[in-house]
Amino acid sequence: MLSAASANLTSVAGISRCLKLLFLRRIFAMAAALSRALKLPGKKGSELGEYDPLTQADSEDDSEEDDLVLNYPRNGLGRSNNMGLGTSDSRSNRGSRFTQQEDVDEDEEEVDEWRERHRGKSRPETEDEKCRQYWSQREMGRDATSEDGEGMRSTGGGGIGSECDPYGKKNRVKNAVRTAAFLVPLCLAMIVVLLCAFILPCQQLEDRRPQWEREQGGDAGGVTSLPLALWDVDNDGIEDILIGVTQLSNESQVPSSQAISKEYSVVALSATSGSVLWRRPLREPVISVQCGLQTGAASSAAAHPAEGAHWGQQSLSLQSGPVCLLVGSSHLTAVNGTSGTKLWSATPGAIESPVVLLPDVDGDSVPDLLIVTLPENNEADLCLVLLSALNGTHIGRPVNFNLTGQGKLIGPLLHETRMGAYYVLFGLGTVEAVSLRDIYTKASDVRVIDPKIKVKDPLWEKLRKTNSSSLIHISSGTEEVIFLLPLVAGLCNNHNNLDVMSNMNSSQSDWMVICDKSRLSVLKEKDTRTAWTFNSSAIHSRPTPGQFNGDGIPDVLIQLSAAGVRKVQIIDGGNGHSLWEAEFVCPRLVLEGSSVMTTSGQSVFLFWAGDPLKPQKNITKQASSALAPTDPVVRKLFMLHPNYPIILLELASTTDTILTAAVSYEEQWKDAAYITVFSRPTSGLGPGTRMVKSLSLKAAVAGALIVRLGEESQAGAPVRLRAFEIKKFFKQLSFKHQ
């Protein structure tokens, strides 16, 4: 009986121990799951009773007996909390250590028996046990360490823990995917950038120079104005320079040579560096150079234009480049603007004017040309000749006109009325108009003509003096007309190009008429009546339109010279009132000014003059004392902006004689270049040297001198501006094509 009772007690004790172990293991597993959920990795503490999963290594031994060795914390049981009783504590600890070892041996035997009875469990349950054992070992590893520093440690680094850690595996895969998603596009972008850098050609913008000078032969023809045109012939987005050159041949430079022979040519210069793009020799001097003519077969839509459709809106298929016309004294030559190759040549007679672009009058879907010549055998005063722009052939015969006036040749200009009727303005000292329909009818005897030139304007037809006369008198008064030009901002004499946009702007605008060099008038295009008249002293150069007061109507800059004084005025284009004026020492130079449109809608005005004169009574005495007889004449280029009317910027100064000037736009840099052709005297007895110079306006503004025309500190005047504020404003200017 006693033995049976003891056996039952032993079995009950073993079962209780197993249940206790399972209960503790479940608690430790829950603690481990909670620690993972709270993301508490690493060492949490070194005091007794705190677990540290990183201090325990995984065991490489597959025996499960060591996995069940538990040494849960006792929170200081068997130890004394008094630090002074070290000896007694160590003795009691040794005794308790033996007791604990005996309990562990008994527990191991009981666990072995329990495992023998449960060997039939499935593989998932076994794996789950391994995971629970792994986390139990890591949680109890801290408590299993003895007081003297010796403890149980597992030697495996990647055992059970690495097999049953799904969160770590997912994180590693996710990190790898993220790294690949970042590095692959980065590598592809670097490859594309390198390919673009080494394969694709870049524009050589570094060749652009703020200023350059090029010599273009000697002064073989004396100090005269040279024909100058601006057009982009090398397709770099910047207007290049085309200039007529006359120079002595090599045989003429020999002292023994009796006859003086000259060579004539047209040279195309790059606007960025001044290098020669092409040169075209000619047999005679050049009167004018005009570019922008577009020829070729028209599209089907333009082959049959609607009634009254504008000729400039036709769609043309271009050739390999724009066509430039070189107008000589008796020959008209068309060349390819890109290469200078000759396309065709015509001999209309003694040429007296530049070429005018017309709408298509002969039905070949290409714009045609008109030019003024002198008639043969003095049959008439002037002849109007129609030419085909496609091959230069004559369209019919020349049309003769007898004019009543005498004087300077005016025009020709093409004008389109509001009703779509085309008239040609020309004359000798007067302004006359003739319908394009009448010119074509008399030249070809064709009554059925294209609808776009068939229209006549009733308001203009009422201006005829007689029904038998085909001429319409435009200018009023008996004074001789000196200048006639469209009232279009930025349209200078060097911009007589043949592109559609320039001709459309000039053919639909009002006109400025200067009579007897002392009266400036503006004529309305709708009825040819005078809008206003401004009387002044002698106007020695063509006026310059530009935007000064911002009312949308182009204003006019004029230059007056008398008694050694140069007076510069800006006249309101709307009513003829003076908006700005200043007086300078006369530079002994006849050259028109220029205007450059800015992105703000206002224009800056450029003109040549001497030193400014102070506002005193005896201005003539100042002008005579400013220049000594032996001193060279200094000519200065000034810039005026409407926002600072009492401030001028002196961009450049020279003693050379300026012959021609123009403004070239540079869209890439929002800049403009001021092109001048001048004569520089030489030390020898021979002729001077012709030079071409390009000056960037932005670069010139950076180094310009500030000239004050008045004192801002006077009563009613604005506060005196400092120099850096003025320079900052002008440096921020951006220019645009008009």
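Procedures and definitions
- Residues numbered from 1 in each chain as written.
- Predicted model: local features only at pLDDT ≥ 70, side-chain atom pairs only at ≥ 80, totals over all residues.
- Heavy atoms only, no water.
- Pairing = 2+ DSSP bridges.
- Helix = DSSP H or I, 4+ residues; strand = E, 2+ residues; numbered from the N terminus.
- Axes fitted to C-alpha atoms, helices over the stretch in contact; angles between N-to-C directions.
- Contact = heavy atoms within 4.5 Å.
- Buried < 20%, exposed > 50% of the residue type's maximum accessible area, 1.4 Å probe, protein only.
- Polar contact = N/O pair within 3.5 Å; in protein donor to acceptor, adjacent residues only side chain to side chain.
- Core = buried A, V, L, I, M, F, W, Y, C linked by side-chain atoms within 4.5 Å.
- Salt bridge = Lys/Arg side-chain N within 4 Å of Asp/Glu carboxyl O.
- Disulfide = S-S within 2.5 Å.
- Patch = residues over 30% accessible without salt bridge, like charges linked within 9 Å, V, L, I, M, F, W, Y side chains within 5 Å.
- Areas by Shrake-Rupley, 256 points an atom, 1.4 Å probe, with all protein chains shown as cover.

Describing the sheet that holds strand β28 (residues 603-609)
- Pairing is antiparallel in the open sheet, where five strands are placed in the order β27-β28-β29-β30-β34. Lying at the two open borders of the sheet, with one neighbouring strand each, are β27 (594-597) and β34 (705-708). Going across the sheet, the axis of each strand differs from the next one's by a mean of 30°, ignoring polarity.
- Alignment of strand β30 (residues 647-654) against β34, held across four bridges, turns out to be antiparallel. Counterpart to leucine 648 in the pairing with β34 is valine 707.
- The strands that helix α12 (residues 723-731) touches are β29 (635-640), β30 and β34; relative to β34, the one it contacts most, it runs at about 110°.

Describing the environment of valine 455
- Relative to the assigned elements, valine 455 resides in the loop between α7 (436-444) and α8 (458-461).
- Its relative accessible area of 22% is what places valine 455 among the partly exposed residues.

A short note on α7
- Along α7, the positions that sit buried rather than exposed are Leu436, Asp438, Ile439, Tyr440, Thr441 and Ala443.
- On its buried face, α7 sits against β11 (356-358), β12 (368-374), β13 (382-388), β14 (399-401), β16 (422-428) and β17 (432-435).
- Structurally, the start of α7 carries an N-cap: the backbone nitrogen of arginine 437 is 3.2 Å from a side-chain oxygen of serine 435.
- A positive phi of about 55° marks aspartate 445, the residue just after α7.

Brief notes about the nonpolar core
- Within the largest apolar cluster, 30 residues are counted, with the highest numbers of intra-cluster contacts made by Val596, Leu606, Met639, Leu651, Tyr674, Leu697 and Phe730.
- Of all the elements in the fold, those that place two or more residues in this core are β28, β29, β30, β31 (657-666), β32 (671-680), β33 (689-696), α11 (697-702) and α12.
- Grouped together as the second largest cluster of nonpolar side chains are 24 residues, Ile395, Phe426, Leu436 and Ala443 included.

Some thoughts on the pattern of salt bridges
- Counting across every chain of the model gives 13 salt bridges.
- Its salt-bridge partner being lysine 567, residue glutamate 581 comes within 3.8 Å of it at the nearest N-O pair. Of this pair, glutamate 581 sits in strand β26 (residues 578-585) while lysine 567 is found in strand β25 (residues 565-571), placing the two residues 14 residues apart along the sequence.
- By relative accessible area, lysine 567 is classed as partly exposed at 24%.
- The salt bridge partner of lysine 670 is glutamate 667, with a shortest N-O separation of 3.9 Å.
- In this structure lysine 670 comes out as partly exposed when scored by relative accessible area, which is 38%.
- Within the structure, one salt-bridge network assembled from shared partners comprises Asp438, Lys456, Glu461 and Arg464.

Concerning the sheet that holds strand β15 (residues 409-416)
- Read from one edge of the open sheet, four strands run β15-β16-β17-β18, paired in antiparallel fashion. Looking at strand neighbours, the two that pair on one side only are β15 and β18 (472-473), the edges of this open sheet.
- As judged from the four bridges shared by β16 and β17, these two strands associate in the antiparallel manner. Each residue of the ladder has a partner; that of tyrosine 423, found in β17, is serine 435.
- Relative to the sheet, α7 contacts β16 and β17, its axis offset from that of β17 by approximately 65°.

Description of the pairing of strand β5 (residues 276-282)
- Pairing analysis gives six bridges linking strand β4 (residues 262-269) to β5, with the strands arranged antiparallel. When the bridges of β5 are listed, tyrosine 264 appears paired with leucine 282.
- Two successive antiparallel strands, β4 and β5, enclose a turn made up of six residues, where glycine 274 displays a positive phi of approximately 80°.

Examining the environment of isoleucine 482
- For isoleucine 482, the location among the structural elements is in strand β19 (residues 481-486).
- Taking relative accessible area as the criterion, isoleucine 482 reaches 13% and is therefore assigned buried.
- C-alpha of isoleucine 482 to C-alpha of isoleucine 539: the two residues are 57 residues apart in sequence and 9.7 Å apart in space.

Thoughts on the state of the cysteines
- Summed over all chains, the structure comprises one disulfide.
- Residue cysteine 291 pairs covalently with cysteine 324 via a disulfide, S to S 2.1 Å. Judged by the sign of its S-S torsion, about 105°, the cystine formed by cysteine 291 and cysteine 324 is right-handed. Of this pair, cysteine 291 sits in strand β6 (residues 286-293) while cysteine 324 sits in strand β7 (residues 323-328); the two residues are 33 residues apart in sequence, bridging distant segments of the chain. Taken individually, cysteine 291 and cysteine 324 each receive the classification buried, so the pair is uniform in this respect.

Thoughts on a nonpolar patch on the surface
- Residues Val184, Leu188, Ile191, Leu194, Leu195, Phe198 and Ile199 make up a contiguous nonpolar surface patch of about 750 Å² in total accessible area.
- Along the polypeptide, phenylalanine 198 turns up in helix α5 (residues 166-199).

Thoughts on the side chain of aspartate 572
- Following the sequence through the fold, aspartate 572 ends up in the loop between β25 and β26.
- A polar contact of 2.9 Å, which involves the side chain of aspartate 572, links it to the backbone nitrogen of glycine 574.
- Not counting the four nearest positions on each side in its chain, aspartate 572 is found in contact with Trp532, Asn549, Asp551, Asp555, His577 and Leu579.

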